[in-house]
Amino acid sequence: MPASPDPAGERLAELFRAWKSDISAAPMPSLVDPVRAAAVIAEARANGCICPPTAYAPGHGRWN
């Protein structure tokens, strides 16, 4: 005998599908211009405003 679906789980899945549909229906502009962001980062690096990562940053070793 097949198990009956969980009504609360089905309702939650229905709400998520409706939410996804609502979000997908409204276009959203880019929040960041990637070209401008890269230029700002390059300028900050050139001016010495970006510190090297610390020893505690994931994937980076010590710098001293």
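The notes below deal with the structure included here. The structure presented is a predicted model; accordingly, all values stated were derived computationally and were not measured. (Residues numbered from 1 in each chain as written. Predicted model: local features only at pLDDT ≥ 70, side-chain atom pairs only at ≥ 80, totals over all residues. Heavy atoms only, no water.)

## Focus on the overall build of the protein
Then step 1. Secondary structure assignment for the protein yields two helices and zero strands.
Then step 2. Taking all 64 residues of the protein together, the buried fraction comes to 2%.
Then step 3. Accessible surface computed for the protein: about 6,200 Å², of which carbon and sulfur atoms make up 64%. (Helix = DSSP H or I, 4+ residues; strand = E, 2+ residues; numbered from the N terminus. Buried < 20%, exposed > 50% of the residue type's maximum accessible area, 1.4 Å probe, protein only. Areas by Shrake-Rupley, 256 points an atom, 1.4 Å probe, with all protein chains shown as cover.)

## Comments concerning a nonpolar patch on the surface
Then step 1. A cluster of nonpolar side chains, contributed by Leu12, Leu15, Phe16, Trp19 and Ile23, occupies part of the molecular surface with about 530 Å² of accessible area.
Then step 2. As for its placement among the helices and strands, Phe16 is situated in helix 1 (residues 7-25).
Then step 3. With a relative accessible area of 47%, Phe16 lands in the partly exposed category. (Patch = residues over 30% accessible without salt bridge, like charges linked within 9 Å, V, L, I, M, F, W, Y side chains within 5 Å. Salt bridge = Lys/Arg side-chain N within 4 Å of Asp/Glu carboxyl O.)

## Structural notes on the pattern of salt bridges
Then step 1. A complete count under the given rule lists one salt bridge for this structure.
Then step 2. For Arg11, the salt bridge identified is with Glu14, shortest N-O distance 3.2 Å. One end of the pair, Arg11, and the other, Glu14, are both in helix 1, three residues apart, so they sit about a helical turn from each other.
Then step 3. In this structure Glu14 comes out as partly exposed when scored by relative accessible area, which is 42%.

## Overview of the packing of aromatic side chains
Then step 1. For the structure shown, the criterion picks out one aromatic pair.
Then step 2. On the numbers, 6.3 Å between centres and 45 degrees between planes, the contact of Phe16 with Trp19 is tilted. Pair noted here: Phe16 and Trp19 are both in helix 1, with a separation of three residues, about one helical turn.
Then step 3. Relative accessible area serves as the criterion here: at 53%, Trp19 is assigned to the exposed category. (Phe/Tyr/Trp six-rings, centres within 6.5 Å; stacked < 30°, edge-to-face > 60°.)

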